[in-house]
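# Fold and geometry: a report
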Amino acid sequence: MKLLDRWKILLGGITLLPVAGTAFAQTNSLPLADASWEPRGNGQSPVFADTLNAPDAINMYAAHRSHSSHRSHSSHSSHYSGSGGYSAPRYYSPPPASTRSYTAPSSTHSSSSGSTGSSTSNSLYGPSGSANNPSTTRTRPSEAQKNNLVMRVQTALMVRKYYFGKIDGMMGKGTRGALMSFQMDNALTVNGAMDTQTLNALGIRIP
Amino acid sequence: MMLRKDTHVEIQHLTEPRLLKVISLEELIEQGTAVCAGDVGFDDLLLWSPAVELQRNPQLLSLPVAGFLIPEQWDGHAGVDRLLIHSPKDPDVVRPGDVIALTPGNSLVRVLYRRGSDSNLLFMTDRCNSLCLMCSQPPKDIDDRWHIEENLRLIDLMDPGEENLGISGGEPTLYRDGLLEILAKCKAVLALKSIHVLSNGRLFKDPDWIESLTSIDHPQLSWGIPLYADNASDHDHVVQAPGAFSETLQGLYNLARANQIVEIRVVLSQLTTPRLPELAHYIFRNLPFVRHVALMGIESTGLARKHYEALWIDPMDYQDSLTQAVYFLHNRGLPVSLYNLPLCLVPEHLWRFTRQSISDWKNLFIDACQQCVANKQCSGFFKSHSARWQSRGVQPLSTEAFSAYARSAQ
């Protein structure tokens, strides 16, 4: 390149701009994907495996056929009643002059002041359970968790017109019978159990 | 596009105040209580069920959920003494996934969490230690610590997925232990949500915060701290609190010591725009740890209306100082955004800094916007917008004018 030409480029901002413009335009028009992104020729949408519950999902409910010592099925929520609700000031004493700490009040919540919140087991977080304690649920579901799953199974069977009893979370004769009819109609192993296959067919994700 | 956060409904058999997660039948079957991030029971769920669905499956009424929500006009009779909510005035306000608050004797349902919205908020308190001239939510001197409990519970009932969640007030740091507890719980229960706290930063001058925040070590937590001037007297005047400038600066440095992500927020008014370039300079020089600067159009509600004369300046009249400040920071690598400013009030070359920043439930477009082609990209207006707060520059953008936006956005 001649020196004169260089000067032309340096001085000619007007000539530089279109150059830059075309460069950008080319960048933008580059194809985002190659030919392998063509839609499938037969017009079908892509097929995905059913990932609701993987075949090797841990299902500790599969063997749960009947309940023995069964607590009231509303007991699972007793932790929350009252304390869970939306409410006007109930737990806190009037604000102290300092904003540094509040006195944690009634018997429902015993330890809160002074905590900087580094622990996840703070009593104010509510009862311990699945969220904070996944390891315990893996080995043995609580009575409340079993009830909840049975209720979802009963609801799913009810929507499909297999179950006509009360949705009570109890794996009784009616529920097991409905499960077996459902399994029969869907070519599943007929065992009256909440196994992973059956839960998948009912559209139930294992908790 | 603006969807209110409350609506009137008919309520039967509500005996106590409740926070409830609204859930559809499909979700109840598929996920059960796992739709909620935290520890909840069926008794925390409100089954969202059209009347035909309940008629088809009357056994549903035996489900031990907290109650049922019929999202349409309904004058039937359930035949059981269960909590029943029906005939919402606006049926779009409460949807499956939302968390609602109900109070006996009050037909108003409040949506505390809206599924899929980026404007969800944990409201901490109505109290504040400042009294900013343009405050959109004037503080109240009341004891409202009950918000802490409510928010802790609200966290449990939210969806667990990735979303933005705000924490605001009032001044949330006034309830120090409650705020720390909520932040720790957000980390434990809502691990996928990024948290943005709005605070005036004054109380962070107490170095005790450093250890507290460091030990929580929330991976996606940021702080929006307002700074209104490069000098104490201007800033203290805007926030109506002597000593506030010094406290906020000490607080900002303590946040930096605690490795916190800090954003500086500036509300643009007659008081803050004249020295905006100096403020940008000050931030760059003295607060190098700041990750983002948001320059924000004013919200014409609350105390701002009362102080109209002192605050109002037409955005057309601060375009120069805005331009200087934006490019000063941008050229030095400090990310800048313009919030709450409609595109027609910002010079074209600043369009790429504008954001659609107004919370969805109070965001609208005015009559002048109806012929504008930029509604999909523009911040629009606050629902409090009124004639005397309207700039002379408001105008619909033509396709030609707006094509510059597409170019500048690259």
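A quick note: this is a predicted structure, and the numbers were derived from the prediction, not measured.

Take the overall build of chain B next. Across its full length, chain B carries 12 helices and 17 strands. The C-alpha atoms of chain B give 23 Å as radius of gyration, which agrees with the globular expectation for 410 residues (22 Å, within 12%). Across the 410 residues that make up chain B, the buried fraction comes to 48%. In chain B, 73% of the contacts between residues at least 6 apart in sequence involve partners at least 24 apart.

Let us now look at the sheet that holds strand 14 (residues 292-296) of chain B. Two pairing modes exist for strands in a sheet, parallel and antiparallel, and in both the strands are linked by backbone hydrogen bonds. Residues and elements named next belong to chain B. On the basis of which strands lie adjacent, the open sheet formed by 7 strands has the order 9-10-11-12-13-14-15 and parallel pairing. Here the strands that pair on one side only, and so sit at the sheet edges, are strand 9 (120-123) and strand 15 (336-339). Across the sheet, the mean angle from the axis of one strand to that of its neighbour is 25°, orientation sign disregarded. Across 5 bridges, strand 13 (residues 261-267) lies against strand 14 in parallel orientation. Across the sheet, R265 pairs through a bridge with A294, a residue of strand 14.

For the rest of this paragraph, the subject is the sheet that holds strand 1 (residues 6-8) of chain B. Residues and elements named next belong to chain B. With mixed pairing, the 8 strands of this open sheet are ordered in space as 1-8-7-3-4-5-6-2. The open sheet has two edge strands with one neighbour each: strand 1 and strand 2 (10-12). With direction set aside, neighbouring strand axes in the sheet form an average angle of 30°. Alignment of strand 3 (residues 18-24) against strand 4 (residues 45-48), held across 4 bridges, turns out to be parallel. The residue bridging K21 from the neighbouring strand is L45, located in strand 4. Sheet strands touched by helix 3 (residues 146-157): strand 3, strand 7 (99-102) and strand 8 (108-113). Its angle to strand 3, the strand with the most contacts, is close to 10°.

One recurring pattern in soluble globular proteins is that nonpolar side chains are buried together. Residues and elements named next belong to chain B. In terms of nonpolar packing, the biggest core is built from 141 residues, with L46, L47 and I100 touching the most fellow members. With 8 residues, the top contributor of residues to this core is helix 4 (residues 176-189). The two domains that each donate at least three residues to this core are domain 1 (6-113) and domain 2 (120-339). When sequence neighbours within four positions are dropped, the list of residues in contact with L46 reads L20, K21, V22, I23, V65, A66, G67, F68 and L69.

Residues and elements named next belong to chain B. Segmentation of chain B into domains returns domain 1 (6-113) and domain 2 (120-339). Placing the centre of domain 1 and that of domain 2 at their C-alpha centroids yields a distance of 36 Å. Taken together, the contacts link 13 residues of domain 1 with 12 residues of domain 2. Contributions of two or more residues to the side of domain 1 that touches domain 2 are made by strand 3 and strand 8. Taken together, the residues of the side of domain 1 that touches domain 2 sort by class into 8 nonpolar, 2 polar and 3 charged.

We now examine the pairing of strand 13 of chain B. Residues and elements named next belong to chain B. In terms of strand pairing, strand 12 (residues 221-226) meets strand 13 through 5 bridges, oriented parallel. Looking at the pairing, P226 lines up with R265 of strand 13. Viewed along the sheet, the connection from strand 13 through helix 8 (residues 276-286) into strand 14 turns out right-handed.

Residues and elements named next belong to chain B. Within helix 6 (residues 232-239), burial applies to H235, D236, V238 and V239. Along the axis of helix 6, the buried positions cluster into a sector of 160°, meaning they face one direction only. The secondary structure elements touched by the buried residues of helix 6 are helix 7 (244-257). Phi turns positive, to about 55°, at Q240, one or two residues after helix 6.

This paragraph deals with helix 11 (residues 319-331) of chain B. Residues and elements named next belong to chain B. Compared with an ideal rise of 1.5 Å per residue, which puts 13 residues at 18 Å, helix 11 spans 18 Å between its outermost C-alpha atoms and is within 8% of the ideal. Residues of helix 11 that are buried include every one of L322, A325, V326 and L329, and no others. On an axial view of helix 11, the arc spanned by its buried residues comes to 95°, and they lie on one face. Set apart from the buried face of helix 11 by more than 90 degrees, the exposed residues are D320 and N331. Along its buried surface, helix 11 packs onto helix 8, strand 14 and strand 15. Count one or two residues on from helix 11 and you reach G333, which has phi positive near 85°.

Scoring rules and cut-offs
- Residues numbered from 1 in each chain as written.
- Chains lettered and ligands numbered in written order.
- Predicted model: local features only at pLDDT ≥ 70, side-chain atom pairs only at ≥ 80, totals over all residues.
- Helix = DSSP H or I, 4+ residues; strand = E, 2+ residues; numbered from the N terminus.
- Rg over C-alpha atoms; globule rule 2.2 N^0.38 Å.
- Buried ≥ 20, exposed ≤ 12 C-beta atoms within 10 Å, placed from the backbone.
- Contact = placed C-beta atoms within 7 Å.
- Pairing = 2+ DSSP bridges.
- Axes fitted to C-alpha atoms, helices over the stretch in contact; angles between N-to-C directions.
- Core = buried A, V, L, I, M, F, W, Y, C linked by C-beta atoms within 7 Å.
- Domains from an automatic or database assignment.
- Nonpolar A, V, L, I, M, F, W, Y, C, P; charged D, E, K, R; others polar.
- Right-handed = clockwise from strand over helix to strand, strands pointing away.
- Arc of directions from axis to C-beta.
- Expected span 1.5 Å × (residues − 1).

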